[in-house]
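A closer look at the structure
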Number of protein chains: 2
Amino acid sequence: MPTYNFSAGPAVMPAAVVQQIQAELPSFQGSGMSIMEISHRSDLFDQVINDAERDLRDLMQIPDNYRVLFFQGGGTLQFTAAPLNLATGHHHIGLLNSGHWAERAAAEARRVGTQVDILGTSAANHFTALPTLDQPVTADLDYVHVTTNNTIEGTLLTQLPATGNVPLVADMSSNFLGHQYNVTDFGMIFAGAQKNLGPAGLTIVIVRDDLIGHAQDLPSMLDYQLFADKRSMFNTPPVFAIYAAGLVLKWLKAQGGLAAMATRNREKAALLYDFLDQSTLFTNPVKPSDRSTMNVPFVTGNAATDAQVIAGAADRGLLNLKGHRLVGGMRASLYNAMPKAGVQALVDYLAAFEAHHA
Amino acid sequence: MPTYNFSAGPAVMPAAVVQQIQAELPSFQGSGMSIMEISHRSDLFDQVINDAERDLRDLMQIPDNYRVLFFQGGGTLQFTAAPLNLATGHHHIGLLNSGHWAERAAAEARRVGTQVDILGTSAANHFTALPTLDQPVTADLDYVHVTTNNTIEGTLLTQLPATGNVPLVADMSSNFLGHQYNVTDFGMIFAGAQKNLGPAGLTIVIVRDDLIGHAQDLPSMLDYQLFADKRSMFNTPPVFAIYAAGLVLKWLKAQGGLAAMATRNREKAALLYDFLDQSTLFTNPVKPSDRSTMNVPFVTGNAATDAQVIAGAADRGLLNLKGHRLVGGMRASLYNAMPKAGVQALVDYLAAFEAHHA
């Protein structure tokens, strides 16, 4: 039985990449050493990290005045690092509150002494739509933080807020490389790898170089300028995770890059949303124009029925459909590596469940 | 040709562990998902992290009043986290300066506003011996920081300094699980995984529970109490690295545990030191009583000859013998996973080189 893994993260990776990692695990590039065993100061790893950066730059068309940094610690560490590095002028940022991860970002920024103004929130409708910018973006804001895809609530930001000269900082963790953005619309983008890029334990930071280097005496592991100067190797980077991410980037190029991927993702998501919208049993609560192509939450409205749906799906190899505890029900994550056949199998199963349930 | 990897880290892993990872990479525990793809909230991963903690507790005989935490960011992030969490009483610590990594620890502690007193240093003899405690350990020190093994300088701390009621905090990165210590002699132990434990991207923190929970409003990714409360899963942990480390821990138990390993490491190191001490070409500069069983630096005194040694070794599958740039020459790292046959092959090669060179 084929299995399809709908986990929100760590998540499905391209099968071809998993096979390649397996094949070359005992001896990387004929070196007699596993990729897990090679020094980050070796020529072998130099090529791995250089290729990864080059391929990411190609895929996202990252201009030369942006640095690409490889961090550990997930998006959460960047909730601390971003204000420490970028909010040095006024220690004051704006934030659009689109749900759980935006609230986490606000909390971490405040912990390091940054004033956080909520410029808009969709809390009143339980984040089933994106917030609008309700407050002016004033010049005393060092940046405005947005979450481009809300993994739990299932919303996707396609129309960026107009922030004028105030840089936009984007937590792109759950739709990085799954949707096309212009990098130049952002001062900084960051993303945990464990959705669309590879195994957990790696975080990408893409930052405009004029925005960094203004902070004094930061802890080294939070210092963007130091990471830029040391090519992300001030200390030992997560070698295996960077290697695996590099293979995913090569796979993405072979698939036709981000435009092809975004189109495929829209088609995959439409298959599921179209089913949900005509269903009399299942509901997706999100405003249609704000729906995510990556994470699709849905419910029956009855917790016992939801549990039956999830258990029956698992029996058929449709894995990890349990919704996040904050919203309940089901959630299907349809990242780049989820084939259309997986979404079709899910829709077929849900339709059969509904017919049987009726 | 067999290869032997003498890298200081990332470093050689047990061949049996690499084989097991390879074998089960496409489908972990028959789940149809790679270990790289499974959710950290799954029962599958729960067992992985619980086993890893249990096996580590067994191997090191960690008492119940110590927490075991799984971090990212290497030892360097702990240079920041340790003072933020533990130096909350007086913002004042002592440190024994045994070399490069001790100096890094001092610098990072100072960056977060901690006063660091150097209680002893062996800088005058280029850290070829361990420092002695030259200053009194006063009650206004929150803790005393030591580096139990100096990866670059090749020294090993076996006699812990007498610090009375002031807790000892040990950076054990390069001899974690390679030498036996009593955990109860320390307030805290931390170690990057990429020497004796597994792939880079994981750091272990072992901390006495009465020492944590006193800091206010720390960034979450630096908060020991939060990590303890959330079982190291406040955000997504490095799933693959924890899994790989868990396999190494099981391997260590099968090898007879830390007592057997420490004995084997002493034997392996003696093989190399005995050769170096009788050689008229090669020299290890470290005071005999302070020599590391993990990292053995040695030189010929001539940079061109050193380069010949390293190149000739690589031709024979003896890899990554280049010394650290701070000390030059050669360095052989003999971590747990380095078989005795590898050390013998190195000694045979060095002897042949010397005979030919004479």
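An unreviewed UniProt entry annotates chain A as Phosphoserine aminotransferase of Lactiplantibacillus plajomi.

**Some points on the relation of the copies chain B and chain A**
Mapping chain B onto chain A is achieved by rotating through 180° and translating by 0.0 Å along the same axis, at an RMSD of 0.0 Å. Look at the turn and shift together and you get a two-fold axis relating the two. Considering only C-alpha atoms, the residue of chain B closest to the rotation axis is Q22 of chain B, which sits at 2.7 Å. The residues that chain B uses at the interface reappear at the interface of chain A in 100% of cases, marking a shared surface.

**Examining the UniProt feature "modified residue: N6-(pyridoxal phosphate)lysine" (unreviewed entry) in chain A**
All names here are of chain A. UniProt's entry tags K195 with the feature "modified residue: N6-(pyridoxal phosphate)lysine" (unreviewed entry), counted in the numbering of this structure. Within the fold, K195 resides in the loop between β9 (188-192) and β10 (203-208). With a relative accessible area of 14%, K195 lands in the buried category. Discounting residues that sit within four places of it in the chain, K195 has contacts with A8, G9, A11, V12, T151, S173, S174 and Y335.

**A closer look at the environment of S122 of chain A**
Residue and element names in this part refer to chain A. Inspection of the secondary structure assignment puts S122 in the loop between β4 (115-121) and β5 (144-147). Using a relative accessible area of 4% as the deciding quantity, one classes S122 as buried. Remark: the alpha-carbon pair of S122 and G99, spanning 23 residues in sequence, is separated by 7.6 Å. Ignoring any residue separated from it by four or fewer positions in sequence, one finds S122 in contact with N97, S98, F127, A129, L130 and P131.

**A look at the UniProt feature "domain: Aminotransferase class V" (unreviewed entry) in chain A**
UniProt records the feature "domain: Aminotransferase class V" (unreviewed entry) at residues 3-346 of chain A, using the numbering of this structure. Secondary structure over residues 3-346 of chain A splits into 34% helix and 16% strand, and the C-alpha atoms at its two ends are 11 Å apart.

**A few points about the nonpolar core**
Counting residues in hydrophobic clusters, the biggest one holds 122 residues, and the most contacted among them are I21, F176 and I206 of chain A together with I21, F176 and I206 of chain B. Discounting chain neighbours no more than four positions away, the residues touching I21 of chain A are M13, F240, Y243, A244 and L247 of chain A together with L25 and M36 of chain B. Within the second largest apolar cluster, 56 residues are counted, among which are A87, A102 and L211 of chain A together with L77 of chain B.

Thresholds applied
Residues numbered from 1 in each chain as written. Chains lettered and ligands numbered in written order. Predicted model: local features only at pLDDT ≥ 70, side-chain atom pairs only at ≥ 80, totals over all residues. Heavy atoms only, no water. Least-squares fit on C-alpha atoms with pLDDT ≥ 70 in both. Contact = heavy atoms within 4.5 Å. UniProt positions renumbered as here; feature names shortened; annotations may be inferred. Helix = DSSP H or I, 4+ residues; strand = E, 2+ residues; numbered from the N terminus. Buried < 20%, exposed > 50% of the residue type's maximum accessible area, 1.4 Å probe, protein only. Core = buried A, V, L, I, M, F, W, Y, C linked by side-chain atoms within 4.5 Å.

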